[in-house]
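# Architecture at a glance
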Amino acid sequence: MKHLFLFALLLALPFTGRAQAPAGPQLNFCGLDLPLENGYTAVSSSEVTGPAYQLAWVYLDYNVMRTFPPEYLRMAKKKRKNVEISPFTCTLLDGPPAQGSRLTYPTEAGGMAYQYIVFGVAKGQPVLIDLTLPIDPEKTADLPDLVQQFMRLEK
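Residues numbered from 1 in each chain as written. Predicted model: local features only at pLDDT ≥ 70, side-chain atom pairs only at ≥ 80, totals over all residues. Heavy atoms only, no water.

Ranked by internal contacts, the top residues of the largest apolar core, which has 28 residues, are Phe29, Leu55, Leu92, Ile129 and Met151. Counting only elements with at least two residues in this core, the list comes to strand E1 (27-29), strand E5 (54-59), strand E6 (84-92), strand E8 (112-122), strand E9 (125-133), helix H3 (145-148) and strand E10 (151-153). Those residues within four positions of Phe29 in sequence are excluded, and the remaining contacts are Leu34, Trp57, Tyr59, Leu93, Ala122, Val127, Ile129 and Phe150. Core analysis: the second largest hydrophobic core is formed by 9 residues, Leu60, Val83, Tyr105 and Leu128 among them. (Core = buried A, V, L, I, M, F, W, Y, C linked by side-chain atoms within 4.5 Å. Buried < 20%, exposed > 50% of the residue type's maximum accessible area, 1.4 Å probe, protein only. Helix = DSSP H or I, 4+ residues; strand = E, 2+ residues; numbered from the N terminus. Contact = heavy atoms within 4.5 Å.)

Once that is clear, we can look at unusual backbone geometry. Phi is positive for Asp94, which is not a glycine, with a value near 55°. Mapped onto the secondary structure, Asp94 falls in the loop between E6 and strand E7 (97-106). For Asp94, a relative accessible area of 64% puts it in the exposed group. With a phi angle near 50°, Lys123 is a residue other than glycine that sits in the positive phi range. Among the structural elements, Lys123 can be located in the loop between E8 and E9.

For the rest of this paragraph, the subject is the packing of aromatic side chains. Counted according to the given criterion, the structure contains 6 aromatic pairs. A ring pair is formed by Phe29 and Phe150, whose centres lie 4.1 Å apart and whose planes are at 20°; its orientation type is stacked. You can see Phe29 sitting in strand E1 and its partner Phe150 sitting in the loop between H3 and E10, a full 121 residues away along the chain. Here the two residues Phe29 and Phe150 agree in accessibility, since each one is buried. In this structure an aromatic cluster arises from ring pairing among Phe29, Trp57 and Phe150. (Phe/Tyr/Trp six-rings, centres within 6.5 Å; stacked < 30°, edge-to-face > 60°.)

Our next topic: the pattern of salt bridges. Summed over the entire model, instances satisfying the criterion amount to 3 salt bridges. For Asp136, the salt bridge goes to Arg102, with nearest N and O atoms at 2.7 Å. In this pair, Asp136 sits in the loop between E9 and H3 while Arg102 sits in strand E7, placing the two residues 34 residues apart along the sequence. On the accessibility criterion, Asp136 (28% relative accessible area) is partly exposed. (Salt bridge = Lys/Arg side-chain N within 4 Å of Asp/Glu carboxyl O.)

Structure follows, in structure tokens:
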């Protein structure tokens, strides 16, 4: 009986690796699967961190659409010193215009950071996006490749 069990185990070993899921979370923005860029880590299915930017998004209920984004912006501003805020407009997945706020502030390393907080609706889903970059993008082409797949700047 013992030999039969070992034989069955040996037969099953070559097939165990085929059913395993890929390592780490898979990025998905409102139903759009996103490839992870080299050098970046998917913290979750809606958060990416790496050397040139940090990106996160959260899906909202329609009940908190009016209250959560302003509160999130207030908390983001409170975390930093010498923050300048300016509004901007963009589109998400070629949908209706989304409202955004750009926070500009000095970093501890002596440079500048540009935090883009966007609230909009993509494919019928209210979503809030938080993107922090070391550069201030002037046009969509200046955004990271990953972000260009779902966000277009209107500058």
